[in-house]
Amino acid sequence: MTGPTRLSVSTQLDNLKSKEQYRQLPPVRHEDQWIILNEQRLLNISSNDYLGLGNETRLQSEFLTHLQQMPESLLPKMGATSSRLLTGNHSQLPLLEQELLDWYKLALSDEQRSTCNKEVLVVNSGYHANIGILPALAKLPLNTLILTDTLIHASLIDGVRLIGSKNKHCSYQRYRHNDMKHLAALIEQASEDIERIIVVTESIFSMDGDRADLKALVNLKAQDPRIELYIDEAHAVGVLGHNGLGLAEETQTLEDIDYLVGTFGKAFASMGAYVICDKSVREWLVNQMRSFIFSTALPPITHCWTRFVLAKMPTLYNLRTHLADLSVRVSQVINADSNVAYQSPIIPYILGDNASAVQKAQQLQQAGFYALPIRPPTVPVGTARIRLVMNAKLTTGDCDRLIEQLTS
Ligand SMILES: Cc1ncc(COP(=O)(O)O)c(C=O)c1O
């Protein structure tokens, strides 16, 4: 290409470089839990493979044996070839949705289980879920106020944006990060003609690793029947809760959450996402959620792997406990506090300016750790950081070596 676009692109790229905001795709190779970068073997402390299943070769061989034992005619296909509403609703999908519902019900009390009216919808990714659900909900003719935590993930921000300014019965405000008083005040100020207030948050925040106060949110909901809760558990699924359902399981708030979103791309080491919601809402999403309707379903082989991992998920509490222990060990150093309570495996090491984050990442890489600088616009200006992420494949010795580097 020649002409104005090319010229403008190269000027803007130079601009990103001068602000230390330029990104490149790293040429990485994976070998077991190691990442090979420029022929150097690095320990992975950057992915979201919290349970280490992405590199669990034994588990992967077990899956391949499972496939070999299937009759050829029933082998899951490598491509879905159309959206679920056409021919893409392969048999793996309804099976996965039923098994996810069974998993969800495992964590409910007997009484809750007997009255549970929830269903599961599987979609192609967390991004598809978050850009699709809110716009679909906003099509209902209800005066709606959407209140989001300021630090929600870009996919949720895009979901709000896609509602569009033409939608006159839907308004939007943000509350300060995890500030329940601010949220309560915004709810209090909501005018009387607001019929529905949807509160949107992540349960574990992707860049800060801290937790939303789900119990406080449920208490707020109990005080105002207009409130509905939309919780994105992308970083908590597999990691928290006895069965691995996430923070809502751990805090026993599952039943009070109206739109419970989880993803398979992180601790599940697969791809896809789900929303657990009221049966009728699921029907509405199937009819109105554009990112669901207008996208080819994931390959059935992927759903088959997700089902395989899901069957093991309730039993992986030893990995969850080990992960928690490692995370506390490292957080204690970063936060210089010996009484740090376990938040999550995501531990932000804030450097502030972009150049310092880049430099620290380089230092950690030289010392054998695959660390990456996270810079604006992914995080707010002035909070560039290394996002340290623990995974269950790490040993306490690995963490101690990391701590040595962080404190040197
Ligand atoms: C909180 C949160 N929600 C959603 C997503 C998107 O999920 P997916 O990778 O499945 O598109 C991410 C991805 O990083 C995330 O951090």
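Throughout what follows, the structure given in this document is the object of discussion. (Residues numbered from 1 in each chain as written. Predicted model: local features only at pLDDT ≥ 70, side-chain atom pairs only at ≥ 80, totals over all residues. Heavy atoms only, no water.)

### A few points about the state of the cysteines
Considering all chains together, one arrives at zero disulfides under this definition. Take cysteine 116: it sits in no disulfide, and the sulfur closest to it among the cysteines is that of cysteine 277, at 11 Å. (Disulfide = S-S within 2.5 Å.)

### Digging into empty space enclosed by the protein
One pass over the full model with this rule turns up two cavities of 30 Å³ or more. Arg84, Val122, Val123, Asn124, His128, Ser291, Phe292, Ser295 and Ala297 are the residues that line the largest cavity. Of all the elements in the fold, those that place two or more residues in the lining of the largest cavity are strand E4 (118–123) and helix H12 (290–293). Tallied by class, the residues present in the lining of the largest cavity amount to four nonpolar, four polar and one charged. What the second largest cavity holds in volume is close to 30 Å³. Around the second largest cavity sit Gln33, Asn44, Ser47, Asp49, Asn55, Asn391 and Lys393, which together line it. (1 Å grid on protein atoms, 1.4 Å probe; cavity = no way out; pocket = protein on both sides within 12 Å on 5 of 7 lines; lining within 4 Å. Points joined across faces, edges and corners; volume = space filled by probe spheres on them. Helix = DSSP H or I, 4+ residues; strand = E, 2+ residues; numbered from the N terminus. Nonpolar A, V, L, I, M, F, W, Y, C, P; charged D, E, K, R; others polar.)

### What to know about the pairing of strand E2 (residues 34–37)
Note: strand E1 (residues 29–31) against E2, three bridges, orientation antiparallel. Pairing of histidine 30 across the sheet is with isoleucine 35, part of E2. The antiparallel hairpin formed by E1 and E2 contains two residues in its connecting segment, where aspartate 32 sits at a positive phi of about 45°. Across four bridges, E2 lies against strand E3 (residues 40–44) in antiparallel orientation. Within E3, the position partnered with isoleucine 35 by the bridge is leucine 42. (Pairing = 2+ DSSP bridges.)

### Considering the layout of surface pockets
As a volume, the largest pocket reaches approximately 1500 Å³. Around the largest pocket, the lining is made up of 43 residues, and of these Arg23, Leu372, Pro373, Ile374 and Thr378 lie nearest the centre. Among the secondary structure elements, those contributing two or more residues to the lining of the largest pocket are helix H7 (154–163), helix H15 (354–366) and strand E13 (373–374). With four residues, the top contributor of residues to the lining of the largest pocket is H15. Here the residues of the lining of the largest pocket sort into 21 nonpolar, 14 polar and eight charged. Two domains each provide a minimum of three residues to the lining of the largest pocket, namely domain 1 (21–51 + 316–406) and domain 2 (82–314). One number sums up the size of the second largest pocket: a volume of about 220 Å³. Around the second largest pocket, the lining is made up of 18 residues, and of these Gly126, Tyr127, Ala234, Thr263 and Lys266 lie nearest the centre. When residues in the lining of the second largest pocket are grouped by element, the largest group, three residues, is from helix H6 (residues 126–138). Here the residues of the lining of the second largest pocket sort into four nonpolar, ten polar and four charged. (Domains from an automatic or database assignment.)

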